[in-house]
Number of protein chains: 2
Amino acid sequence: MPNGAQALMKTLVDSGIEVCFSNPGTSEMHFVAALDNEPKMRAVLALFEGVATGAADGYARMAGKPAATLLHLGCGLGNGLANLHNARKGKSPMLNIVGDHATYHVKYDAQLQSDIETVARNISPNFVRTSQRTEDLCQDAVEAIAAARGLPGQVSTLILPADVSWGEGAQACTLPPPAPVAGATSEQINNASAAINSGKKTAMLLGGQALRENTLLAAAKIAAHAGVTLFAETFPSRIERGAGLPAVERIAYLAEMASLQLSEFDHLILVDAKAPVSFFAYPGKQSYLVPDHCTVHTLSSEEQDAETSLNALIESLGASSAQAPLQNAKRPGRPKGKLSADKVCRAVGELMSENSIIVDEAITSGLMLNAMTAGAPRHDMITLTGGAIGQGLPSAIGAAIACPDRPVLALIGDGTAMYTNQALWTMAREHLNITTIIFNNASYSVLNVELERVGAEEVGEKAKSQLDLSGPVTNFALLAQSMGVHGSRVHTSEELLKAMEYALSKPGPHLIEAVVPESLNGIKRKILPYLLKSMPSLPAPLSKALKNKIAP
Amino acid sequence: MPNGAQALMKTLVDSGIEVCFSNPGTSEMHFVAALDNEPKMRAVLALFEGVATGAADGYARMAGKPAATLLHLGCGLGNGLANLHNARKGKSPMLNIVGDHATYHVKYDAQLQSDIETVARNISPNFVRTSQRTEDLCQDAVEAIAAARGLPGQVSTLILPADVSWGEGAQACTLPPPAPVAGATSEQINNASAAINSGKKTAMLLGGQALRENTLLAAAKIAAHAGVTLFAETFPSRIERGAGLPAVERIAYLAEMASLQLSEFDHLILVDAKAPVSFFAYPGKQSYLVPDHCTVHTLSSEEQDAETSLNALIESLGASSAQAPLQNAKRPGRPKGKLSADKVCRAVGELMSENSIIVDEAITSGLMLNAMTAGAPRHDMITLTGGAIGQGLPSAIGAAIACPDRPVLALIGDGTAMYTNQALWTMAREHLNITTIIFNNASYSVLNVELERVGAEEVGEKAKSQLDLSGPVTNFALLAQSMGVHGSRVHTSEELLKAMEYALSKPGPHLIEAVVPESLNGIKRKILPYLLKSMPSLPAPLSKALKNKIAP
């Protein structure tokens, strides 16, 4: 009979879990030893748990199925918590395997003892279990996997005491087939249909599963048939876009703008999306961004199948022969001269190849990214779903492992890059095809914007120093080289284009540090053209109102 | 009237909290803005929360009072959890201020929403509070500080909703004087006294507060008077040692050795220490390391004053005129030739100056550190109290800020250094007087030892690859340079000595990467001489038994 770890390993691969992002310690040594007998399991070592968890999230988004993480007790899980939060918000299926002390050792309160179930509670609200007996381990595992892969996808956490892992008498289990998932009810379809046929201004907000090719095409048919405006949620887990797919306007991050986007609609139909709320609260500003006069309908929830629901709505509307307008192929042209954040985005739109995966954690520097890549060849974009920065680099690892034949472009702000910079090492070790571009503006730039938005405008040098990342300015090219990644630093558009062309033509990881010094006013000036390009829904008077708000 | 953040800032400095290790986000912007009006508060920016929390821990250990951290919601706290665990285990007083969404914003479940109190539960078991009203904020703060600074020191977590922070109508509060702390009861003194006078072999285990000058001198008097053997806990929060202080043998990390150290004693007297247990459980091995025939007595617990207790015991024993033997000044000599981990420890013992603070997170590479620095000039040593790696570099920051006139030597394993490498940036920014030595053996070396200890001996290449940090080998000198720290890489003893002499003579941070390639067998061979030097308590037959266990 195999020991617990060996039977667990077999159960995992039989259940389709073929990658384990690991950062093991002593309590996980039997699991590590069990890797030797299971050729179907790929183990990817990370030097920090935030890398392992973020990679499993990125993998799930692109593979559409869970990977496992292997974490070391409560502290290892704690280190992974921020990216697990992002995974939960992105509804990524994932299985955490968290090693624990042997069951009989817990009472001694040794150094690493903590209550792991409590640590896991936030990120795994529906499945946290400590396996108590070797005989039950594999059954626990299949229940954890089943919970993770349903709709919505979830993070399951299975806590594995060392003695349950090393004990004998385990038997691998088989994952039951997934339960069938229903689409919208007839009531939901009728309500959505009635709203669309009411003659009032109607918008449809797509999120989660509804941002993939088939759902986008279905939603675009409805839009074309009935004059419905389509929106995508602000931070999609994964959105398919580019030439040949329907172009969908994203709800803006800044609440002031999102309110304007939604201000003229009488009906808002949700498809696997939440009614928009402000990311943060601000003194004297609304948290809920849907206008009072607008009625919200749910065509389908995160637990219902979006594609089935949209197709049923098409049928109900008689829209099946409508022609969805598709995005034309259009490159933005090569940038020239001194570098700035928008020129980096332009270069990405100009050079990115078909089938790229863009990981967008560029924060303020990525304001122009959507506009600049709209007509680029077809691609996927992954974004920061839960607001916990440090997700981009790890997520790129997962995406590259899920899709080894696709180039990954990770666009990362300097502040966020530092959170999980250890990801660079794993990129080098696994020789992943990832080109990382760091926007180095030596600042938590978004916080300069936020400082003003929360009404704390008159700030002095001491407060500002808390948002300032200069003195010293991190040299990301050196940082990359220190972990075995080819790194370069560029100051001009021409240098950037050359570095990108080199990186995209050579397999393996590259990092390009784009130095883009930028003032708060510079950023504000740039918000406006970004909006004009990315918010075509806005009628002219609202564009004017927006201009007055942002850059009077 | 000041707003909540401003009144809180005044309450903090009036309560003696003069440093805030911060990593703020939008919800903390009013606290950041309040820094401008409070010259007594030093704000130290960290690029990752694990750095902020570890720094506050190191600060508390050396300053003997709490610093604050400023963290961004549940995810920021999550990123800081591992080092907060170490702080809790080290009984460090500390105040976490965790920004949260405005109270009315919580219900919208925005991207960064999570249940922060649950995240904090493990690390702040006795004080987690979400401040609900601006009027109550400062009272909440003084209660949090009072809870943190008692005996034992604790991590308090105060959750600060954005609207409570920006609201008007707050008033600063005054921290009440600390409650008096009692020493051992007469029953405890009598029990300890009786054990010592029983004629049986007796040991005293010192931990926590009992490893500072006054308590060490008191314990050493008892030892000299009555033939009691002194031990220190395995991972002291802070131990004062070196020439002129009593030398105290540490309980070994490896359970097999600790059992041998304790095997011949009939009585074990605890002073702010726990009876030794194994760090991890191992198949077929004991978790509790005190032999069955040994009676355990508590002279004083973590809630009682150790110095008062030891002095009362001295009086009870009539030992006040006993002469405690003190450590002679003795440098180990300069190492020569090809570098190895023990030669690095030798160089440290040879070159370290009076009043140094050693941060020991060298893991296997530091095996010889205690022996090599025993006769060095008087110094403090800080160790990894909770087993969650990544504490050393941040802790060095805190120590350097608490003691700006003392040189800090951080001795860090390569695996652990990567967890919180962002600490290097803060060292550069604050121009801290820290010399970091990285032991680069390109391996999670301790896990190679552990793999064997858990009985998973016959492992293949795939399992071993999970403990292997080569391919690529991180270049720590470059890593340091990328963050503005002077970095060098050395391969020989002579290069190391030169680099150390340079670093110790120039203010500001330096990093020396010592390349110490080492095999598992090499480490095992070295365990033996280490033991002979660091475990003088062992009688000859036991030394022989040990030899057979470790390197037969």
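Conventions adopted
Residues numbered from 1 in each chain as written. Chains lettered and ligands numbered in written order. Predicted model: local features only at pLDDT ≥ 70, side-chain atom pairs only at ≥ 80, totals over all residues. Heavy atoms only, no water. Helix = DSSP H or I, 4+ residues; strand = E, 2+ residues; numbered from the N terminus. Rg over C-alpha atoms; globule rule 2.2 N^0.38 Å. Buried < 20%, exposed > 50% of the residue type's maximum accessible area, 1.4 Å probe, protein only. Contact = heavy atoms within 4.5 Å. Areas by Shrake-Rupley, 256 points an atom, 1.4 Å probe, with all protein chains shown as cover. Salt bridge = Lys/Arg side-chain N within 4 Å of Asp/Glu carboxyl O. Buried area = accessible area lost by both parts, 1.4 Å probe. Polar contact = N/O pair within 3.5 Å; in protein donor to acceptor, adjacent residues only side chain to side chain. Axes fitted to C-alpha atoms, helices over the stretch in contact; angles between N-to-C directions. Parallel < 35°, antiparallel > 145°, perpendicular 65-115°, else oblique. Left-handed = near helix turned anticlockwise from the far one by under 90°. Pairing = 2+ DSSP bridges. Right-handed = clockwise from strand over helix to strand, strands pointing away. Nonpolar A, V, L, I, M, F, W, Y, C, P; charged D, E, K, R; others polar. Phe/Tyr/Trp six-rings, centres within 6.5 Å; stacked < 30°, edge-to-face > 60°. Lys NZ or Arg CZ within 6 Å of the ring centre and 35° of its normal.

**Examining the overall build of chain A**
A tally of helices and strands in chain A yields 22 helices and 18 strands. For 552 residues, the compact-globule formula gives about 24 Å, and the C-alpha radius of gyration of chain A, at 24 Å, lands near that figure. Within chain A, buried positions represent 66% of all 552 residues. Put simply, of all contacts in chain A between residues at least 6 apart along the chain, 80% involve residues at least 24 apart. Element-wise, carbon and sulfur atoms account for 50% of the exposed surface of chain A, whose accessible area totals about 18,400 Å².

**Observations regarding the pattern of salt bridges**
According to the stated counting rule, one finds 38 salt bridges over all chains in the structure shown. The closest approach of N and O atoms between E117 of chain A and R121 of chain A, which form a salt bridge, is 3.8 Å. For K91 of chain B, the salt bridge is made with D272 of chain B, and the minimal N-O distance between the two is 2.6 Å. One end of the pair, K91 of chain B, is in the loop between α4 (73–89) and β4 (94–100); the other, D272 of chain B, is in the loop between β11 (267–271) and β12 (295–300), and 181 residues separate them in sequence. Look at K91 of chain B and you get partly exposed, because its relative accessible area is 23%.

**Some thoughts on the environment of T474 of chain A**
Note that T474 of chain A resides in the loop between α18 (461–465) and α19 (476–482). According to the relative accessible area criterion, T474 of chain A is buried, its value standing at 6%. Considered as a pair, T474 of chain A and P404 of chain A are 70 residues apart in the sequence and their alpha carbons are 30 Å apart. If we skip the residues at most four places from it in the chain, T474 of chain A touches M418, N440, R489 and E513 of chain A together with W425, S482 and M483 of chain B.

**Focus: unusual backbone geometry**
The residue after L151 of chain A, namely P152 of chain A, is reached through a cis peptide bond having omega -5°. Within the fold, P152 of chain A resides in the loop between α6 (137–149) and β6 (155–161). Going from G471 of chain B to P472 of chain B, the amide bond is cis rather than trans, its omega being 0°. Along the chain, P472 of chain B falls in the loop between α18 (461–465) and α19 (476–482). Of note in this structure, I363 of chain B is not a glycine but carries a positive phi near 50°. Within the secondary structure, I363 of chain B is located in the loop between β13 (357–361) and α13 (369–373). The exposure class of I363 of chain B is partly exposed, given its relative accessible area of 31%.

**Notes on helix α12 (residues 341–351) of chain B**
Of all eleven residues making up α12 of chain B, nine are buried, and the element is well covered by its neighbours. Three or more residues of α12 of chain B are buried, namely A341, D342, V344, C345, A347, V348, G349, E350 and L351 of chain B.

**Describing the interface of chain A and chain B**
Every contact between the two is made by 99 residues of chain A and, on the other side, 99 residues of chain B. Taken together, the two surfaces of chain A and chain B that pack against each other cover about 8,100 Å², and 61% of this comes from carbon and sulfur. Of all residues in chain A, Q111, K462 and Q466 of chain A bury the most surface against chain B, accounting for 9% of the area lost on that side. The interface formed by chain A and chain B holds two salt bridges in total. Residues D109 of chain B and K89 of chain A are paired through a salt bridge, measuring 3.1 Å at the closest nitrogen-oxygen approach. There are 49 residue pairs in polar contact (both at pLDDT 80 or more) connecting chain A and chain B. Counting residues per element, the side of chain A that touches chain B draws most heavily on helix α4 (residues 73–89) of chain A, which supplies nine residues.

**A few points about the side chain of N475 of chain B**
Within the secondary structure, N475 of chain B sits in the loop between α18 and α19. Within polar-contact distance, the side chain of N475 of chain B engages the backbone nitrogen of L478 of chain B at 2.9 Å. If we skip the residues at most four places from it in the chain, N475 of chain B touches S482 of chain A together with R489 and E513 of chain B.

**Section: the packing of helix α9 (residues 213–226) of chain B against helix α11 (residues 306–317) of chain B**
Residue and element names in this part refer to chain B. The interhelical angle for the contact between α9 and α11, taken along N-to-C directions, is 25°, at an axis separation of 9 Å. By the criterion of interaxial angle, the relationship of α9 to α11 is roughly parallel. By crossing handedness, the relation of α9 to α11 is classed as left-handed. Touching N214, T215, A218, A219, K221, I222 and H225 of α9 are A306, E307, L310, N311, L313, I314 and L317, all from α11.

**Some words on the pairing of strand β2 (residues 42–45) of chain A**
All names here are of chain A. For strand β1 (residues 19–22) and β2, the ladder comprises four bridges, and the chain directions are parallel. Each bridged residue has a counterpart across the sheet, and for S22 the counterpart in β2 is L45. After leaving β1, the chain enters helix α2 (residues 29–34) and then returns to the sheet as β2, a path that is right-handed.

**Quick word on the packing of helix α1 (residues 4–14) of chain A against α6 of chain A**
All names here are of chain A. Relative to each other, α1 and α6 sit at 30°, their axes nearing to 9 Å. Put simply, α1 runs roughly parallel to α6. Crossing angle aside, the handedness with which α1 passes α6 is right-handed. Contacts between α1 and α6 involve G4, A5, A7, L8, T11 and L12 on the former and, on the latter, L137, C138, A141, V142 and I145. Of the residues belonging to the contact of α1 with α6, the class tally is nine nonpolar, two polar and no charged.

**Topic: the environment of T130 of chain A**
Residues and elements named next belong to chain A. Tracing the chain through its elements places T130 in strand β5 (residues 128–130). Along the backbone, T130 and N370 are 240 residues apart, and their C-alpha atoms lie at a distance of 43 Å. With sequence-adjacent residues up to four places away left out, T130 is seen in contact with E117, I159 and P161. In this structure the side chain of T130 is engaged in a polar contact, spanning 2.6 Å, whose partner is the side chain of E117.

**Describing the packing of aromatic side chains**
Overall, the coordinates contain 17 aromatic pairs over all chains when judged by the stated rule. Between the aromatic rings of F235 of chain B and Y253 of chain B, the centroid separation amounts to 6.2 Å while the plane-to-plane angle is 70°, which identifies the pairing as edge-to-face. Separated by 18 residues along the polypeptide, F235 of chain B in the loop between β8 (229–232) and β9 (239–241) and Y253 of chain B in the loop between β10 (249–250) and α10 (255–262) bring together distant segments of the chain. Exposure remark for F235 of chain B: the relative accessible area of 22% places this residue in the partly exposed category. One aromatic cluster in this structure is built from F48 and Y419 of chain A together with F48 and Y419 of chain B. A cation over an aromatic ring shows up here: K201 of chain A above the ring of F265 of chain A, its NZ or CZ 5.2 Å from the ring centre.

**Description of the sheet that holds strand β16 (residues 434–440) of chain B**
Residue and element names in this part refer to chain B. Spatially, seven strands are ordered β9-β14-β13-β15-β16-β18-β17 in an open sheet, and the strand pairing comes out mixed. Looking at strand neighbours, the two that pair on one side only are β9 and β17 (486–490), the edges of this open sheet. Looking at each pair of strands side by side, their axes are set apart by 20° on average, direction ignored. Relative to strand β18 (residues 510–515), β17 runs parallel, the two sharing five bridges. Directly across from S488, in β18, lies its bridge partner I512. Sitting on the sheet, helix α3 (residues 49–63) is in contact with β13 and β14 (379–383), with an inclination near 145° to β14. Packing against the sheet, α12 makes contact with β13, β15 (408–413), β16 and β18, and its axis sits at approximately 165° to β16.

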